Amino acid sequence: MPHTEKTLETKEIFNGHVIRVTHDKVLLENGDTSYREVVHHHGGACVLALTDDDRVYMVRQYRYALAEEIWELPAGKLEAGEDPFGAAKRELAEECGVTAGRYTDLGCLYPTVGYDSEKIYIWAARDLTATDQHLDPDEFLDVVTLPFDKVLAMVMSGEIKDSKTVAAVLKYALLRKEGKA
């Protein structure tokens, strides 16, 4: 029998531009009640874009919540109801100034399952073509291409800590090893 919880009451605590937070009373499977704090997020899309010579488009940007500059793959949040694949293509063009002719679905990542509804959809992209980069007015980042093996080494050493980037790089490395990438 699958485990489940039923929402009995929901109280909205915060409703912002990126997230909404609720405090929910839930019925547990044993008949008891408990409370859950939930961060509601529309999700995101991420792209591991590779050049013909296996260089990866990476972005380096300051992340306010962590108070540090980090390495990431190009990615962005979904608008309500937005198609994740369309968002992935949009973010690759906006952040890196490239489009891709071929995509490989790398799956979906749940970055924080204990309290957050966010899902991040991930693709690898090949057959890249230059286009115009157009960052959001509040977006400041550096775009760098690094050899895939260097990016993999940065993941393994802990230099790259971003979960979507770690997952995408490791999944792609396995596909490459199996001859499927």
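From a predicted model like this one, the values you see are computed outputs, not experimental measurements.

Asks: Can you help me understand the overall build of the chain in this one?
Replies: On a plain count of helices and strands, the chain comes out with 3 helices and 10 strands. Across its three principal directions, the C-alpha atoms of the chain cover 60 × 40 × 30 Å. By residue count, 37% of the 181 residues in the chain fall in the buried class. For the chain, contacts bridging at least 24 residues in sequence account for 55% of all contacts bridging at least 6. Counting every atom, the chain has about 10,800 Å² of accessible surface; 51% of that belongs to carbon and sulfur. Across the chain, the centroid of the 21 positively charged side chains sits 4 Å from that of the 32 negatively charged ones.

Asks: Honestly, the environment of Asp105 in this entry has me stumped. Any pointers?
Replies: Structurally, Asp105 is set in strand 8 (residues 98-109). Note: C-alpha distance between Asp105 and Gln61 (44 residues apart in sequence) is 25 Å. The contact partners of Asp105, leaving out residues within four places of it in the chain, are Ile122 and Trp123.

Asks: Got a minute to help me understand the packing of helix 2 (residues 148-157) against helix 3 (residues 163-177) in this structure?
Replies: Axis angle and axis distance: for two packed helices, these are the angle between their axes and the distance between the axes, and together they describe the pair. Across the interface, helix 2 lies against helix 3 with an axial gap of 10 Å and an inter-helix angle of 125°. Considered as vectors, helix 2 and helix 3 are oriented oblique to each other. Two packed elements cross with a definite hand, and for helix 2 against helix 3 that hand is left-handed. Residues Phe148, Asp149, Val151, Leu152, Val155 and Met156 of helix 2 touch helix 3, and the partners they reach there are Val166, Val169, Leu170, Tyr172, Ala173 and Arg176. The residue makeup of the contact of helix 2 with helix 3, split by class, is 10 nonpolar, no polar and 2 charged.

Quick notes on the rules
- Residues numbered from 1 in each chain as written.
- Predicted model: local features only at pLDDT ≥ 70, side-chain atom pairs only at ≥ 80, totals over all residues.
- Heavy atoms only, no water.
- Helix = DSSP H or I, 4+ residues; strand = E, 2+ residues; numbered from the N terminus.
- Buried < 20%, exposed > 50% of the residue type's maximum accessible area, 1.4 Å probe, protein only.
- Contact = heavy atoms within 4.5 Å.
- Areas by Shrake-Rupley, 256 points an atom, 1.4 Å probe, with all protein chains shown as cover.
- Lys, Arg positive; Asp, Glu negative; His and termini not counted.
- Charge placed at Lys NZ, Arg CZ, Asp CG, Glu CD.
- Axes fitted to C-alpha atoms, helices over the stretch in contact; angles between N-to-C directions.
- Parallel < 35°, antiparallel > 145°, perpendicular 65-115°, else oblique.
- Left-handed = near helix turned anticlockwise from the far one by under 90°.
- Nonpolar A, V, L, I, M, F, W, Y, C, P; charged D, E, K, R; others polar.

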